[in-house]
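# Geometric and topological summary
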Amino acid sequence: MTRARMPRPHEVDAARRDPRLLRAVDERGLDPAWRTRGACQAVDPETFFPAPSEPADAAVALCRTCDVQGACLAWALEVGDCHGVWGATTPRERRAMLVAWRAENGTADRPAEPLMLPLIRLIAPPRRSVELAPVGARP
Ligand code: SF4
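Predicted, not measured: the structure shown is a model, and the values here were computed from it.

Scoring rules and cut-offs
Residues numbered from 1 in each chain as written. Predicted model: local features only at pLDDT ≥ 70, side-chain atom pairs only at ≥ 80, totals over all residues. Heavy atoms only, no water. Helix = DSSP H or I, 4+ residues; strand = E, 2+ residues; numbered from the N terminus. Buried < 20%, exposed > 50% of the residue type's maximum accessible area, 1.4 Å probe, protein only. Areas by Shrake-Rupley, 256 points an atom, 1.4 Å probe, with all protein chains shown as cover. Phe/Tyr/Trp six-rings, centres within 6.5 Å; stacked < 30°, edge-to-face > 60°. Lys NZ or Arg CZ within 6 Å of the ring centre and 35° of its normal. Arc of directions from axis to C-beta. Contact = heavy atoms within 4.5 Å. Core = buried A, V, L, I, M, F, W, Y, C linked by side-chain atoms within 4.5 Å. pLDDT = per-residue confidence, 0-100. Axes fitted to C-alpha atoms, helices over the stretch in contact; angles between N-to-C directions. Parallel < 35°, antiparallel > 145°, perpendicular 65-115°, else oblique. Nonpolar A, V, L, I, M, F, W, Y, C, P; charged D, E, K, R; others polar. Salt bridge = Lys/Arg side-chain N within 4 Å of Asp/Glu carboxyl O.

Okay, the overall build of the chain next. For the chain, the count of helices and strands is 6 helices and 0 strands. When the helices and strands of the chain are read in sequence order from the N terminus, they spell out α-α-α-α-α-α. Buried residues in the chain amount to 40% of all 139 residues. Roughly 8000 Å² of accessible area belongs to the chain as shown, and the carbon and sulfur atoms make up 59% of that amount.

Although it is not a glycine, A88 adopts a positive phi angle of roughly 65 degrees. Within the secondary structure layout, A88 lies in the loop between α4 (69-79) and α5 (91-104).

Here we come to the packing of aromatic side chains. One pass over the structure, following the stated rule, counts 3 aromatic pairs. Relative to W75, the ring of W34 has its centre 6.4 Å away and its plane inclined at 50 degrees; by these criteria the two rings are tilted. In this pair, W34 sits in the loop between α2 (19-27) and α3 (57-64) while W75 sits in helix α4, placing the two residues 41 residues apart along the sequence. Judged by its relative accessible area of 14%, W75 falls in the buried class. Between the aromatic rings of W75 and W86, the centroid separation amounts to 5.1 Å while the plane-to-plane angle is 50 degrees, which identifies the pairing as tilted. Of this pair, W75 sits in helix α4 while W86 is found in the loop between α4 and α5, placing the two residues 11 residues apart along the sequence. Summarising the burial analysis for this pair, W75 and W86 share the class buried. Joined through ring pairs, the aromatic side chains of W34, F49, W75 and W86 make up one cluster. In this structure, R28 is placed above the aromatic ring of W101, and the distance from its NZ or CZ to the ring centre is 4.9 Å.

Among the residues of helix α1 (residues 9-16), those classed as buried are E11, V12 and A15. The arc that holds every buried residue of α1, seen down its axis, measures 100 degrees, which confines them to one face. Within α1, the exposed residues directed more than 90 degrees away from the buried face are P9 and H10. In this fold, the buried residues of α1 make contact with α2 and α5.

Grouped burial of nonpolar side chains is what soluble globular proteins tend to show. With 17 residues, the main nonpolar core has W34, F48, V60, C63, W75, V85 and W86 as its most contacted residues. Listing elements by their share of this core, those giving two or more residues are α3 and α4. Ranked by the residues each element gives to this core, the list is headed by α4, at 4 residues. Grouped together as the second largest cluster of nonpolar side chains are 13 residues, A74, L98, A100 and W101 included.

What follows is about the confidence of the model for the chain. A residue-level look at the chain finds 75% of positions with pLDDT of 70 or above and a mean pLDDT of 81. For the stretch residues 114-134, pLDDT sits under 50, and the model shows 43 contacts to residues farther than four places along the chain or on other chains.

A few words on the packing of α1 against α5. Packing of α1 against α5 brings their axes to within 8 Å, and their N-to-C directions diverge by 75 degrees. The angle between α1 and α5 places the two elements in the roughly perpendicular class. Across from E11, V12, A15 and R16 in α1, the residues of α5 making contact are R92, A96, M97, V99, A100 and A103. Split into classes, the residues belonging to the contact of α1 with α5 amount to 7 nonpolar, no polar and 3 charged.

A few words on the pattern of salt bridges. For the structure on display, the rule yields 8 salt bridges. One continuous salt-bridge network, built from bridges that share partners, spans R5, E11 and R92.

This is the structure in structure tokens:
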């Protein structure tokens, strides 16, 4: 497994202005039932976890049609999930957003990704991990 590099300052600056992040800030915590309304409920979860060499276009395109993408992205940023597509963002995009998100929330000293998440996914693969899923059909 390769380690992702830290986002560069210009990437974090761009992330701060990204409309997807601004929407996540606006919608975080507003809809506790957002998982039940995701556009991905009937879609194969593998679509949202492409291999690093594969495009994530199909998942991102579906997310862009989703009514709860702001809440979904807010959740992914809150838990520090840097795997898969959430709220129309790729892991690389989200790493830069995470720096901006944590700076805004005063949690900038937290690690880029909680150590437990990869471990949880190893123990309980995404398909079976209901707690980590944005919607019923996703992990
Ligand atoms: S991953 Fe999130 S934004 Fe994308 S379709 Fe599912 S619930 Fe919606």
